[in-house]
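Here is how the chains run, residue by residue.
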Amino acid sequence: MQQLLTFTIIGLSTGAIYAVVASGLVVTYTTSGIFNLAHGATGMLAAFTYWQLRFDWDVPAPIALFLTLFVLCPLFGALTERVVMRGLQGTTEVVRLSVTVALFAFMIGLANWVWPSDSSREAFLKFFEGNSVSIAGINVSWHRIITFGCAILVAIVLRLVLFRTRMGVAMRAVVDDRNLTELNGGRPDRVSMFAWALSATLAGLAGILLAGEQQLNIEPLVLLVINAYAAAIIGRLKNLPLTFLGAAVLGLLDSYYLAYSDESWFPQSAFGFSLAGIRAAIPTIVLFIALLTRPQSRLRAGIVRFREETRVPEWSTSILGAVSLVAVVVAISGMLTRSNTLLLLNGFTMAIVALSLVPLTGYAGQMSLAPLTFAGLGAIAMAKLPGDGNIATFVLAVVIVAVVGGIVALPALRLSGIYLALSTAAFAVLVTKLVFNQKQTFQSGNIAVPILKIPFVEIDSPRGRLILTATAFSLLGLLVVAVRRSRLGRRLIALKDSPAAAATLGMNLTRTKVAAFALSAGIGACAGALAGDKVSPQQYDFTQSLPVVLLAVVGGVGTVGGALFGGLLLGGNSVLASVVPSLKNLSKILPGTIGITLGRNPSGAATQTAEAFRVLKGRWNLLVFIGAGAFVIWALTAADVLSHWTFVVTGVVWFLAVAPNLPLVVASSSARRATAVVYLAAGLVITAAIDWSTALDVTGQRLIAIVILVAVIGLGAQRIMESGPRVRADSPDVIGLDRDFSGEEIERAERELRVVIR
Amino acid sequence: MSLLYVDRVIVRFGGVTAVDGVNLLARAGEVTGLIGPNGAGKTTLFNVISGMQEPTGGSVSLDSVDITDLPAHKRAQRGMARTFQRLELFGSLSVRDNIKVAAELAALTNVNSIVDEMIERVGIADIADRPAGDLPTGSARLVEIARALATRPKLLLLDEPASGLDEAESDRLGELLRTLAATGLGVLLVEHDMGLVMKVCDVIYVLDLGQIIAHGTPNEIQHDPKVLEAYLGAS
């Protein structure tokens, strides 16, 4: 009895922390429609900041708390909203989620950079460490009592803020109808900003409270958010009392499990499978159940207008691309060192995983956070099935995983949008915790996946595997192109663009979604089955899936090229870290930083690059000019005027920074044209004048120099030629509320309304 | 012969009764109009008929078969197609592919010739290869109609097809609807453009506050005191 009571108190205080986190999640979701996956990471950063102030710099606790919770956290939240989230209005759920994934990756990278794991650092003490009171014969620490107090305070404050203040009323109005609020003179943007600030404070509070219990560790603090998801979903993402109840239940489950799992009556295995991973899986299981008991998502008309655009890929360019990709890999693979070969191999493997998202996320608009899980299942199937890696085994492995993917998707398909994405995350965590850690799958930590046996071809070197994987990517890419051009592809896009129209035209939405999931799982399985080496379950962990999803979306998840770009970027990022050790920390925050910019460019980098060059199509005079320029650079190199590295750098700048700007130069007004021409020419001359072979001595630094030069020269010229002042992004309904109409606006309005002023 | 039969359909949202015991009948080869002030429940009724909204009570039959419990896609397969008041085109697909998806979903053979036929019939050949997401409202409405027709429906539900059309386009739409009805298609038309409704409809139902307050020929409706009151307020 005593034990039950003790663990009840422990459970409830854990639950109190979950409740604080979850309420922050609910606040931002309801006011901005963005489900913040990075919410736990915010709390983690706040906990580290507090530790820095309080224990490293010895700032008194009240001041440190005030600074962290009421200055830095709100500032961070408001800044996140202003800089990152506001650009996301009117984009797809996929992009919005990816941006929070990016934020998540960014913050973890930042914490790793600023506070590297260090066992000798000051301990994170509880509030009033060592003090406790006795309640009914049980010692309860002051920290726990404070935790309870905070949860109750949060509940009361939220209630008061939402129902008794003007801002609260505005927040609830935004939840109900954002546009209507705006028409009535409310400022949804300000409301969202306030909500994000409030939510960051809540996350920070929870992070500090939890760090007191569990010390400063990045992972538990970040994964805290999974418990919070479960609680928030129980509250259906809007009901705060239900959210608090869910949090309490989760805290208790965890605590009781801790208390009773060692008892003899507690099952240690089921059907021969060990249940050792179940504790970590409890919140996920609750999340899964909470998701599946949600009512079927209703067909609704009038959803989002998409900003992304994808073109139908042509066969000619696709085949040309596939063939040249393989040719390039064959050509350069002979020159690579062993470690670079392995890194590139990894890049192509990731590209296949990213490719698995193209039909599912890019075409059908269904977000999956579990692409690597299917790769892991593919690796297991390839290793366990008889045949030791012959083609039949490979095909069977892929088919099995595809079927598993389709079946697993079935219960989740009643859900849409964020709920579907979360259920795939739950699936990924469950598989990681309950399947990958079994003796039957990864005995002794890893398994050897046999190399695919192709008749008449012997593949044993890393180079051979690299060529194999690149070829596989090309073939699968062509498969995806074929799908896009087929009846199925049109259906997938129709499903994304308007489920309501698709259904009322006779599409069985469930069947189409299952097909998309199965196809995606099958492609993902190829990545695992082609591993051809020892693999460990960590490689297929849920947290590893997030960067893949992120970079696929950054590259452009609607196109095969985007998947390649994303996968290679992921591989290239680890190359960067190994080539330039001083930039290791930068590489930690790089994927996140890139992802955060998605709001400005939701179609992805590959699409944008292609767009930049599309303007040159048919402009023969410009194309000749570009060719001539390239020839001049080459000729200068051949005449030994330019060094080889300068040739590379100047060439890249010529093609990527100067060439795409040429049509704009020709089209812009004469004054701007002159400035732009001078700017571009100066940039080019400076680039060519530096001998990059001696100026920088590490390849990685030169690569970074190239990126910076292209950005400065290319984007700079673009900025010069942008005509007129930038258009205000404000909705017309808000103009005039914050400031008076300008004369120009009045004139425009009169013109539009055809008012004649005499 | 009744093609569509709506029998005492009720829809409640919480405490609000949006549709309150509506009976409605649409025949093959006729254009049936459904009019009423804003908020009368027209779109809700459309959603019930097309399977996007489960009714609280009552039933819907198509061709004398009860389809109340069928999901939207099965109703479509039985010969029902609709357009939307707020456009629901597949914005990333070209206009042609929008229509093609529909023809393919109806499991028709010679898909391409049907697509061409629809493009010509509705008069959108000049925009056939543009992405549907970029179209102005008027053209987009025509594409939605062509897409719905490409499933070769028996019953076509049109939710305010003339809003956003100019007068000439609206006249053309009226002619198109008459031609379609002449081939045996049943059309149920929700529309605010009274000129169009009075010109093309064989029968008109008037919905107000969730109830049918009158039905009859255009001539009868125009002189019904209850209708005048609903539209103009107490006289």
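Conventions adopted
Residues numbered from 1 in each chain as written. Chains lettered and ligands numbered in written order. Predicted model: local features only at pLDDT ≥ 70, side-chain atom pairs only at ≥ 80, totals over all residues. Heavy atoms only, no water. Helix = DSSP H or I, 4+ residues; strand = E, 2+ residues; numbered from the N terminus. Rg over C-alpha atoms; globule rule 2.2 N^0.38 Å. Buried < 20%, exposed > 50% of the residue type's maximum accessible area, 1.4 Å probe, protein only. Contact = heavy atoms within 4.5 Å. Areas by Shrake-Rupley, 256 points an atom, 1.4 Å probe, with all protein chains shown as cover. Lys, Arg positive; Asp, Glu negative; His and termini not counted. Charge placed at Lys NZ, Arg CZ, Asp CG, Glu CD. Polar contact = N/O pair within 3.5 Å; in protein donor to acceptor, adjacent residues only side chain to side chain. Pairing = 2+ DSSP bridges. Phe/Tyr/Trp six-rings, centres within 6.5 Å; stacked < 30°, edge-to-face > 60°. Lys NZ or Arg CZ within 6 Å of the ring centre and 35° of its normal. Axes fitted to C-alpha atoms, helices over the stretch in contact; angles between N-to-C directions. Parallel < 35°, antiparallel > 145°, perpendicular 65-115°, else oblique. Left-handed = near helix turned anticlockwise from the far one by under 90°. Domains from an automatic or database assignment. Patch = residues over 30% accessible without salt bridge, like charges linked within 9 Å, V, L, I, M, F, W, Y side chains within 5 Å. Salt bridge = Lys/Arg side-chain N within 4 Å of Asp/Glu carboxyl O. Expected span 1.5 Å × (residues − 1).

Engineer: Is there a simple way to think about the overall build of chain B in this case?
Structural biologist: Summing up its helical and strand segments, chain B has nine helices and ten strands in all. A globule of 235 residues ought to have a C-alpha radius of gyration of about 18 Å, and chain B, at 17 Å, matches this closely. For the C-alpha atoms alone, the extent of chain B along its principal axes is close to 50 × 40 × 35 Å. Per-residue burial for chain B yields a buried fraction of 56% across its 235 residues. Restricting the contact set of chain B to residue pairs at least 6 apart, pairs at least 24 apart contribute 67%. For chain B, the exposed area adds up to about 9700 Å²; of that, 48% sits on carbon and sulfur atoms. For chain B, the centre of its 21 positive side-chain charges and the centre of its 31 negative side-chain charges are spaced 5 Å apart.

Engineer: In this structure, what is going on with the environment of Leu103 of chain A? I would like to understand it.
Structural biologist: Its place among the elements puts Leu103 of chain A in helix α4 (residues 93-114). For the pair Leu103 of chain A and Thr42 of chain A, spaced 61 residues apart in the sequence, the C-alpha separation amounts to 9.2 Å.

Engineer: Teacher, can you tell me more about the side chain of His143 of chain A here?
Structural biologist: Residue and element names in this part refer to chain A. Inspection of the secondary structure puts His143 in helix α5 (residues 142-164). Polar side-chain contacts of His143 include one of 3.0 Å to the backbone oxygen of Leu209. In this view, His143 contacts Lys126, Phe127, Leu209, Gly212 and Glu213; residues no more than four positions away in its chain are not counted.

Engineer: Honestly, the pairing of strand β3 (residues 31-35) of chain B in this entry has me stumped. Any pointers?
Structural biologist: One face of the sheet, then the other: side chains in a regular strand alternate in exactly this way. Residue and element names in this part refer to chain B. Along β3, five of the five residues are buried, which leaves the element largely enclosed by surrounding structure. Burial of the side chains of β3 extends over both faces: Val31, Gly33 and Ile35 are buried on one face and Thr32 and Leu34 on the other. Examined bridge by bridge, β3 and strand β9 (residues 203-208) share four bridges and lie parallel to one another. Residue pairing for β9: Ile35 is matched across the bridge by Val206.

Engineer: Could you clarify how one ought to interpret the packing of aromatic side chains in this entry?
Structural biologist: What describes a pair of aromatic rings is the distance from one ring centre to the other and the angle between the planes of the rings. Following the criterion strictly, the structure yields ten aromatic pairs over all chains and no others. Their ring planes at 35 degrees and their centres at 5.9 Å tell us that Phe631 of chain A and Trp634 of chain A sit as a pair that is tilted. Of the two residues, Phe631 of chain A and Trp634 of chain A both sit in helix α25 (residues 620-638), three residues apart, roughly one turn of that helix. Three or more aromatic residues link up through ring pairs in this structure, and these residues are Tyr29, Phe35 and Tyr229 of chain A. For the cation-ring pair, Arg82 of chain B lies above Phe84 of chain B, with the distance from its terminal atom to the ring centre recorded as 4.3 Å.

Engineer: Please clarify how the packing of helix α2 (residues 39-56) of chain A against α4 of chain A should be interpreted in this entry.
Structural biologist: How two helices pack is summed up by the angle between their axes together with the distance between the axes. Residues and elements named next belong to chain A. Close contact between α2 and α4 brings their axes to 9 Å; oriented N to C, the two are set at 20 degrees. Here α4 runs roughly parallel to α2, going by the angle between their axes. Between α2 and α4 lies a crossing whose hand is left-handed. Where α2 abuts α4, its residues Ala41, Thr42, Met44 and Leu45 lie against Phe104, Met107, Ile108, Leu110 and Ala111.

Engineer: Hey, could you run me through the domain arrangement of chain A in this one?
Structural biologist: Much of the literature gives interface size as the accessible area that the parts lose upon coming together. Structurally, chain A comprises domain 1 (2-116 + 124-266), domain 2 (315-613) and domain 3 (615-721). On a C-alpha basis, the centres of domain 1 of chain A and domain 3 of chain A stand 49 Å from each other.

Engineer: Which parts of the structure should I look at to understand a nonpolar patch on the surface?
Structural biologist: Residues and elements named next belong to chain A. A surface patch of nonpolar side chains, amounting to about 540 Å² of accessible area, comprises Ile63, Phe66, Leu67, Phe70, Val71 and Leu72. With respect to the element layout, Val71 can be found in helix α3 (residues 61-85). By relative accessible area, Val71 is classed as partly exposed at 32%.

Engineer: Could you clarify how one ought to interpret helix α5 (residues 137-149) of chain B in this entry?
Structural biologist: Since there are 3.6 residues in each turn of an α-helix, residues three or four apart along the chain are aligned in direction. With 13 residues, α5 of chain B extends 18 Å from end C-alpha to end C-alpha; this agrees with the ideal 18 Å at 1.5 Å per step. Where α5 of chain B is concerned, the buried positions are Gly138, Ser139, Ala140, Arg141, Leu142, Val143, Glu144, Ile145, Ala146, Arg147, Ala148 and Leu149 of chain B. Those residues of α5 of chain B hidden inside the fold are in contact with α19 (499-504) of chain A together with β6 (80-82), α3 (95-105), α4 (111-122), β7 (155-159) and α6 (167-182) of chain B.

Engineer: Looking at this model, I keep getting lost on the pattern of salt bridges. Mind explaining?
Structural biologist: When the charged atoms of two side chains with opposite charge come close together, those side chains can pair. Residues and elements named next belong to chain B. Counted according to the given criterion, the structure contains 14 salt bridges over all chains. The salt bridge involving Asp63 is made with Lys154; its shortest N-O contact spans 2.6 Å. With Asp63 in the loop between β4 (57-62) and β5 (65-66) and Lys154 in the loop between α5 and β7, this residue pair connects regions lying 91 residues apart in the sequence. The partly exposed category is assigned to Asp63, whose relative accessible area is 36%. The salt bridge partner of Glu144 is Arg147, with a shortest N-O separation of 3.7 Å. In this pair, Glu144 and Arg147 both sit in helix α5, three residues apart, roughly one turn of the helix. Using a relative accessible area of 2% as the deciding quantity, one classes Glu144 as buried. Residue Arg147 is classed as buried on the basis of its relative accessible area, which comes to 1%. Shared partners join several salt bridges into a network, and the residues in it are Arg96, Asp116 and Asp129.

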